[in-house]
Amino acid sequence: MATRRIQRTEESRRLLVTAAAELFAEKGYRQTSFIDIAERAGISRGSIPWHFGNKLGLLEAVLDDQLHAVLTTFASPAGERSGDPLDQVIGFIRLPVARLFITLLAEAVEVDSPIREHYARLHAALRQGVQARIPAEALPAGTTPEAFTVLLVGAVIGVHAQWRVAPEAVNLEAVHATIRALLPASLEQA
């Protein structure tokens, strides 16, 4: 009996996180209400504070879930490679949930935003995951892994934002080829 209750609780939590992620991506954090989330999830809105405390707690769960997905996709232990990172980035950008990152970015840049700190952690984790895959010796002289990582992550976020706003004007395959052409050859072989 307790196992069934635990399963229902976990399923409810998962449905709420999924619904919130979709709605935050569509409408933004501030414009999404408990009612919207509950309706999308098909669960009572009273379940949200029970599971997460408040809306910010739900956002933290969404970001933790998405951060885990991003790190699982892009980060690999030192010395291990799990596929071409540029191919992974282009694949990730195309996922509907990736829109969440662009939608929340607009809110996260505001100094008093309740999501600013969480988004900063997300960016730090992205930089850390990318930097772990870039050997310092593969970079051109005078280039630090930290600066290169900021540039690469920033470029990907910028491309992603442009593609979301005007997909007909941004050819992701051409951008992918261009980024690859600009990378130092020694990095490609790393």
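Our structure's up above, just so we're on the same page.
What comes next concerns the included structure. (Residues numbered from 1 in each chain as written. Predicted model: local features only at pLDDT ≥ 70, side-chain atom pairs only at ≥ 80, totals over all residues. Heavy atoms only, no water.)

A few points about the overall build of the chain
Working step 1: Secondary structure summary: the chain contains 10 helices and zero strands in total.
Working step 2: Going through the 190 residues of the chain one by one, you find that 40% of them count as buried.
Working step 3: Sequence separation of 24 or more characterises 63% of the internal contacts of the chain that already satisfy a separation of 6 or more.
Working step 4: Of the accessible surface of the chain, which amounts to about 10600 Å², a share of 58% is contributed by carbon and sulfur atoms. (Helix = DSSP H or I, 4+ residues; strand = E, 2+ residues; numbered from the N terminus. Buried < 20%, exposed > 50% of the residue type's maximum accessible area, 1.4 Å probe, protein only. Contact = heavy atoms within 4.5 Å. Areas by Shrake-Rupley, 256 points an atom, 1.4 Å probe, with all protein chains shown as cover.)

Details of the pattern of salt bridges
Working step 1: Within the structure shown, the criterion is met by seven salt bridges.
Working step 2: Arg 14 is the salt-bridge partner of Glu 11, the closest N and O atoms lying 2.7 Å from each other. Residue Glu 11 and its partner Arg 14 are located together in helix α1 (residues 2-27), separated by three residues, close to a single helical turn.
Working step 3: Look at Arg 14 and you get partly exposed, because its relative accessible area is 43%.
Working step 4: A salt bridge links Arg 30 to Glu 110; the nearest nitrogen and oxygen atoms lie 2.6 Å apart. Taken together, the positions of Arg 30 in the loop between α1 and α2 (34-41) and Glu 110 in the loop between α6 (99-108) and α7 (116-131) put the pair 80 residues apart, joining distant regions of the chain.
Working step 5: Classification of Arg 30 by relative accessible area gives partly exposed; the value is 38%.
Working step 6: If you follow the salt bridges from partner to partner, you end up with Glu 22, Glu 26 and Arg 40 in one network. (Salt bridge = Lys/Arg side-chain N within 4 Å of Asp/Glu carboxyl O.)

Brief notes about the packing of α6 against helix α8 (residues 145-165)
Working step 1: Relative orientation of the contacting elements α6 and α8 amounts to 95 degrees, with a least axis distance of 10 Å. In terms of their interaxial angle, α6 and α8 are classed as roughly perpendicular. Of α8, the residues touching α6 (which contributes Arg 99, Ile 102 and Leu 105) are Ile 157, His 160, Ala 161 and Arg 164.
Working step 2: Here the contact of α6 with α8 is built from residues that sort into four nonpolar, one polar and two charged. (Axes fitted to C-alpha atoms, helices over the stretch in contact; angles between N-to-C directions. Parallel < 35°, antiparallel > 145°, perpendicular 65-115°, else oblique. Nonpolar A, V, L, I, M, F, W, Y, C, P; charged D, E, K, R; others polar.)

Notes on α2
Working step 1: What α2 keeps buried is the set Ile 37, Ala 38 and Ala 41. Down the axis, α2 shows its buried residues gathered within 95 degrees of arc, on one side only.
Working step 2: Where α2 terminates, the next one or two residues include Gly 42, which has phi positive at roughly 75 degrees. (Arc of directions from axis to C-beta.)

Let's talk about the packing of α7 against α8
Working step 1: Here α7 crosses α8 at 115 degrees, and the two axes come no closer than 9 Å. For the pair α7 and α8, the crossing hand works out as right-handed. Contacts between α7 and α8 pair His 123, Arg 127, Val 130 and Gln 131 from the former with Pro 145, Glu 146, Thr 149, Val 150, Leu 152, Val 153 and Ile 157 from the latter.
Working step 2: When its residues are assigned to classes, the contact of α7 with α8 shows six nonpolar, three polar and two charged. (Left-handed = near helix turned anticlockwise from the far one by under 90°.)

What about the packing of aromatic side chains?
Working step 1: As enumerated under the stated definition, the model contains one aromatic pair in all.
Working step 2: Consider the rings of Phe 24 and Tyr 29, whose centres lie 5.4 Å apart with planes at 65 degrees: the pair is edge-to-face.
Working step 3: Phe 24 sits in the buried class, given a relative accessible area of 0%.
Working step 4: Geometry around Tyr 29 places Lys 55 over its ring, the cationic atom sitting 4.7 Å from the centre. (Phe/Tyr/Trp six-rings, centres within 6.5 Å; stacked < 30°, edge-to-face > 60°. Lys NZ or Arg CZ within 6 Å of the ring centre and 35° of its normal.)

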